[in-house]
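Observations on the model geometry
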Amino acid sequence: MTSVKIRNFYFERFVERLKKTKFIISKIFYNSPIYGKLNFDEISNYKEIPMPNLWKGNIEKIKIFLKNKIPSNKKKEDPFFFYFHSFDFLNDLQEISKESLRIHGRELTSYWIKKNSSWKSNTWEDFILATRICNWIKNFNFFFSTADEEFKKNIFNSISKQIEHLVKNFSNPKRNSDLIRIIKALIYTSISIPNKKYYYQIAIFNLRSELARQILNDGCHFQRNPKIHIQVLMDLLDIRSILNSTKKIVFFDLQNSIKNMSVACRFFLHKDISLANFNGADNVNQKEIKNLMAEIPKFKKNPRELTESGFQRVDTKDTTLIVDCGVPKNYNATYKAHSCSTTFELSYKKNKIIINSLPGLEKKINRKTAAHSTLTLNNTDAYKILKNEHLSRVPDKMNVKRIERYGANVIEIENYGYKNQYDAIHKRLIYIDNKGLDIRGEDNIYCPMEISFDIRFFLDLNLKTLITNNGKNIVLRLLNGSGWKFSSSLEKLDIISNRNININNQPITNEHIHLTGETKELITVIKWSLKKY
């Protein structure tokens, strides 16, 4: 056992409180009637540039959206709030390509500008604002170029107001993936609107620094969330595309980041092209992933590990195992990260068996340790979840060892998440044979006191389960008809059924395997296995 430092990030939290105070003062100014009229240059013209569009629209989503009411400025919980106010829907309207929908897109734009002519905290939030500008500019030639001069004047003036706000507020956003989208908006504006071209050098300078800070050496985005990773990669591909189309230099750091992120992107995919759900990477559209796969290079083989970000992968002919054995790199990386580690996902052919956590849960629930396929001690979170959506009580490292012989793999992870609370260490070992049909695990709990433990294995929603052998075994039936048997060293296993409401207010029912008991003095060992029969 090696020494470990537990990070509470007191200084970073103090600095964030100062920034929050500054932002509260700024909001008073943003709400004043004079804001938006200072340093405001009216845009007189627009440089018509063929904007490349790499991504296909989602026709099913836009059809549902058109049947619903337009989300108001205040209802952020509405599932279509971001979709409407960011104008992501324009990309899907263009996919249908009907003249009536082109006109409807202009009508919705005019409606939005009328209702949001001045700063509003929800609809002028930096990320949604940056996305809106990108979508307006990217879709301008299709939706707006044939509009009357009055409409063009209104949309150009709105872009100018919003981009000026974005620049003035640049120091306030959290230093995370949102900044890449903001930089993308500055690049789009500088290229498309002549009197804003001075933003180009500002954007490129900040893009270089953010790539160095956010993209780790193994190609993974520093927030360790595959969904965010894909979002950033798509933004970088868009930036490269517009630079190429306008014959500007695509600098080496951008090309290299795209290449490295492409490798890491494929690392997180199961054989059915679904994305591993770590740190909240759920609700990713399958078509979006396939679109992305068509734009990035193919590689002969997935890497075995992402060393700096802390992920391990085992591939056999039919089985894929992806294990999270890392910790957030710094305070910024803890933003919206989940309070868990040593979790994993397991799939067989195109069927998931064990998933890291449930998709679509409310964010207050899905970040908790108990909502993941890992160990929970005394019904408490491994890392403390703060009110500002960051984490504290985070160890600075985890010890990871991997041994591979004759195609079989053993991964050993030493986790210090409960070191500060209970002086406890959790060591998880996972063995997978060379065919991927025999998976065995061992959870060792080193703890000087007697406390309760729970080990959960969340199951894919499509599985069918059956408890056999007087509660000692659980049979799992996959969609493809194959059967697997789960067993453990405990006297009894439980299948827990949960009924929850997802983010779209739809009921979801899932099951998870539950192992529970009390720790013994010094060390408690729980063995489990999952074998195909």
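Here the structure is a predicted model, which means the values were calculated and not measured.

A look at the overall build of the protein chain
Helix and strand counts for the protein chain stand at 15 helices and 21 strands. Over its C-alpha atoms the protein chain spans a radius of gyration of 25 Å, differing by no more than 12% from the 24 Å that the globule rule assigns to 533 residues. Along the first, second and third principal axes, the C-alpha atoms of the protein chain reach 75 × 50 × 45 Å. Considering only contacts in the protein chain between residues 6 or more positions apart, those separated by 24 or more positions represent 69%.

Observations concerning the confidence of the model for the protein chain
Looking at the protein chain, the pLDDT average stands at 89 and 95% of residues meet or exceed 70. Per-element averaging of pLDDT across the protein chain places strand β19 (residues 494–501) at the bottom with 80 and strand β13 (residues 425–432) at the top with 97.

Concerning the packing of aromatic side chains
Within this structure, the stated rule accounts for 30 aromatic pairs. Relative to F89, the ring of F87 lies with its centre 5.1 Å away and its plane at 35°, an arrangement referred to as tilted. Classification of F87 by relative accessible area gives buried; the value is 0%. A relative accessible area of 0% places F89 in the buried class. Aromatic rings pair up to connect F65, F80, Y83, F84, F87, F89, W112 and W136 into one cluster. Its guanidinium or amino end placed over the ring of F251, R208 lies 4.2 Å from that ring's centre, counting from NZ or CZ. We note R213 situated over the ring of F222; from NZ or CZ to the ring centre the distance is 5.5 Å.

Quick look at the sheet that holds β13
Pairing between sheet strands relies on hydrogen bonds along the backbone, with the strands arranged either parallel or antiparallel. Across the sheet, which stays open at both edges, the eight strands sit in the order β11-β12-β13-β14-β21-β18-β17-β16 with antiparallel pairing between neighbours. The sheet is open, and its two edges are formed by β11 (399–405) and β16 (464–468), each paired on a single side. On average, each strand axis in the sheet is tilted by 15° relative to the strand beside it, whichever way the strands run. Pairing of strand β14 (residues 438–447) with strand β21 (residues 522–532) involves 10 bridges; the strand directions are antiparallel. When the sheet's bridge partners are listed, I445 is paired in β21 with T524.

Observations regarding the layout of surface pockets
By volume, the second largest pocket is sized at about 550 Å³. Of all the secondary-structure elements, those providing two or more residues to the lining of the second largest pocket are α12 (252–267), β3 (311–315) and β11. Among the elements that line the lining of the second largest pocket, the one with the most residues is β3, at three residues.

Here's the deal with the packing of helix α2 (residues 59–67) against helix α4 (residues 89–96)
The geometry of a pair of packed helices is captured by two quantities: the angle between their axes and the separation between those axes. Across the interface, α2 lies against α4 with an axial gap of 9 Å and an inter-helix angle of 105°. Viewed along their axes, α2 and α4 adopt a mutual orientation that is roughly perpendicular. Residues I59, K61, I62, F65 and L66 of α2 form the contact with α4, whose own contacting residues are F89, D92, L93, E95 and I96. Counted by class, the contact of α2 with α4 contains seven nonpolar, no polar and three charged residues.

Some points on the nonpolar core
Most often, soluble globular proteins have nonpolar side chains that are buried together. Within the largest apolar cluster, 86 residues are counted, with the highest numbers of intra-cluster contacts made by F89, W136, I187, L207, L236, L254 and L292. Looking at this core, the element that brings in the most residues is helix α11 (residues 226–245), giving 10 residues. Those residues in contact with F89 that lie beyond four places of it in its chain are I62, F65, Y83, F84 and L108. Within the second largest apolar cluster, 48 residues are counted, among which are Y331, Y418, I495 and I526.

The rules behind each value
- Residues numbered from 1 in each chain as written.
- Predicted model: local features only at pLDDT ≥ 70, side-chain atom pairs only at ≥ 80, totals over all residues.
- Heavy atoms only, no water.
- Helix = DSSP H or I, 4+ residues; strand = E, 2+ residues; numbered from the N terminus.
- Rg over C-alpha atoms; globule rule 2.2 N^0.38 Å.
- Contact = heavy atoms within 4.5 Å.
- pLDDT = per-residue confidence, 0-100.
- Phe/Tyr/Trp six-rings, centres within 6.5 Å; stacked < 30°, edge-to-face > 60°.
- Buried < 20%, exposed > 50% of the residue type's maximum accessible area, 1.4 Å probe, protein only.
- Lys NZ or Arg CZ within 6 Å of the ring centre and 35° of its normal.
- Pairing = 2+ DSSP bridges.
- Axes fitted to C-alpha atoms, helices over the stretch in contact; angles between N-to-C directions.
- 1 Å grid on protein atoms, 1.4 Å probe; cavity = no way out; pocket = protein on both sides within 12 Å on 5 of 7 lines; lining within 4 Å.
- Points joined across faces, edges and corners; volume = space filled by probe spheres on them.
- Parallel < 35°, antiparallel > 145°, perpendicular 65-115°, else oblique.
- Nonpolar A, V, L, I, M, F, W, Y, C, P; charged D, E, K, R; others polar.
- Core = buried A, V, L, I, M, F, W, Y, C linked by side-chain atoms within 4.5 Å.

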